[in-house]
Amino acid sequence: MSPNRVSPSIFAADFWALGEAVRLCEEAGVDGIHYDVMDNHFVPNISFGPKMIADLCARTSLPADVHLMIDLHRGIEDYLSLPVEIITLHLESLGKEGHNLLKTIRQRGKKAGLSLKPATPAVAVEPYLDDIDLILVMTVEPGFSGQKFMPEMLSKISEIRKIIADREILLQVDGGVNRETYQKVLKAGANFLVIGSAFFADSDPKNWAKQIHEEQTA
Ligand code: DX5
Ligand code: ZN
């Protein structure tokens, strides 16, 4: 089993000092950067768009994982043309074109991710298992960093771990992950952590990233 991955959410960094935040991620030895795209339609907040991602990707070799919390009616070409590793769509935003969109992400050489809001049950992923490389379990309501972790999502993580069974699908968890909650999330079956505010506030992120990499996977 490959070691756990950890990607800080750059949305939680100080936008005045994004370059420093990227260097901090590099020095901490994390596995990538998580980019939260919000459009003030799918979620009640606005974050940043493709230019921000392109500019940061041009300055770091850390792989980019793009979490699209947007309405998909205008398509995702703006993101398909970026040099990113993963593009994750929300199941609740997919509509009838869902399978095609996920297939297009893969055809364009990226990994396809599927994210579930807290209220969406684990079984909802079952029709998509052949089309995805990652499942993102939200442990907060999407739209803001700095929120409190929802412990009731731990059983959903374990349920999805069972649904994935022996498929090579990454199980990513995002929202309120901190030094108190991360081990419970890994024990529940996740192998990919997104950490926002707790990462940038941590006194020793390098040590934390090392601990995450060394934690036994479920
Ligand atoms: C919320 C985003 C998360 C968030 C994580 O909609 O998807 O990635 O920025 O930040 P924390 O870890 O502070 O909850
Ligand atoms: Zn996110």
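Residues numbered from 1 in each chain as written. Chains lettered and ligands numbered in written order. Predicted model: local features only at pLDDT ≥ 70, side-chain atom pairs only at ≥ 80, totals over all residues. Heavy atoms only, no water.

Student: So what about the site of ligand 1? Which residues, and what values?
Tutor: Around ligand 1 lies a shell of 20 residues, among which Asp36, Gly143, Asp174, Gly196 and Ser197 are the nearest. Residue Ser9 places a side-chain N or O atom 3.1 Å away from an oxygen atom belonging to ligand 1. A distance of 2.4 Å separates an oxygen atom of ligand 1 from a polar atom in the side chain of Ser197. Sorting the residues of the shell around ligand 1 by element identifies β2 (33–38), β3 (64–69) and β8 (192–195) as the ones contributing at least two each. Classifying every residue of the shell around ligand 1 gives eight nonpolar, 10 polar and two charged. (Near = heavy atom within 4 Å. Polar contact = N/O pair within 3.5 Å; in protein donor to acceptor, adjacent residues only side chain to side chain. Helix = DSSP H or I, 4+ residues; strand = E, 2+ residues; numbered from the N terminus. Nonpolar A, V, L, I, M, F, W, Y, C, P; charged D, E, K, R; others polar.)

Student: Can you break down the coordination of the zinc ion (ligand 2) residue by residue, with the values?
Tutor: Within the protein, His34 (NE2), Asp36 (OD), His67 (ND1) and Asp174 (OD) serve as the donor atoms for the zinc ion (ligand 2), at 2.0 to 2.3 Å. Around the zinc ion (ligand 2), the six donor atoms are arranged such that angles at the metal cover 72 to 172°; this shape is classified as octahedral. For the zinc ion (ligand 2), the donor residues sit on a single chain with the sequence spacing H-x1-D-x30-H-x106-D. Of this pair, His34 sits in strand β2 while Asp174 sits in strand β7 (residues 170–174), and the two are 140 residues apart along the sequence. Judged on exposure class, the residue His34 and its partner Asp174 are both buried. (Donors = N, O, S within 2.8 Å, 3.2 Å for Na, K, Ca; no water. Tetrahedral: all angles 85-135°; square planar, octahedral: opposite > 155°, others 65-115°. Buried < 20%, exposed > 50% of the residue type's maximum accessible area, 1.4 Å probe, protein only.)

Student: Help me get a handle on unusual backbone geometry, residues and values and all.
Tutor: If you check the backbone angles, Asn40 has positive phi at about 65° while not being a glycine. Residue position: Asn40 is located in the loop between β2 and α2 (50–57). One non-glycine residue with positive phi stands out, namely Ala165, at about 50°. Summarising the element assignment, Ala165 is placed in the loop between α5 (154–164) and β7.

Student: Give a description of the sheet that holds strand β1 (residues 5–8) that names residues and reports values.
Tutor: Spatially, eight strands are ordered β1-β8-β7-β6-β5-β4-β3-β2 in an open sheet, and the strand pairing comes out parallel. With one partner strand each, in any of the chains shown, β1 and β2 form the two edges of the open sheet. Ignoring which end each strand starts from, the neighbouring axes of this sheet average 20° apart. One ladder, built from six bridges, connects β2 with β3; its direction is parallel. Looking across to β3, one finds that Asp36 is bridged to His67. Against the sheet, helix α8 (residues 205–214) contacts β1 and β8, and its axis sits at roughly 150° relative to β1. (Pairing = 2+ DSSP bridges. Axes fitted to C-alpha atoms, helices over the stretch in contact; angles between N-to-C directions. Contact = heavy atoms within 4.5 Å.)

Student: Can you explain the side chain of Gln172? Please cite residues and give values.
Tutor: As for its placement among the helices and strands, Gln172 is situated in strand β7. By relative accessible area, Gln172 is classed as buried at 0%. Reaching out from Gln172, the side chain makes a polar contact with the side chain of Asp65 at a distance of 3.3 Å. Here Gln172 is in contact with His34, Asp65, Leu134, Ile135, Leu136, Val137, Phe192 and Val194, once residues within four sequence places are set aside.

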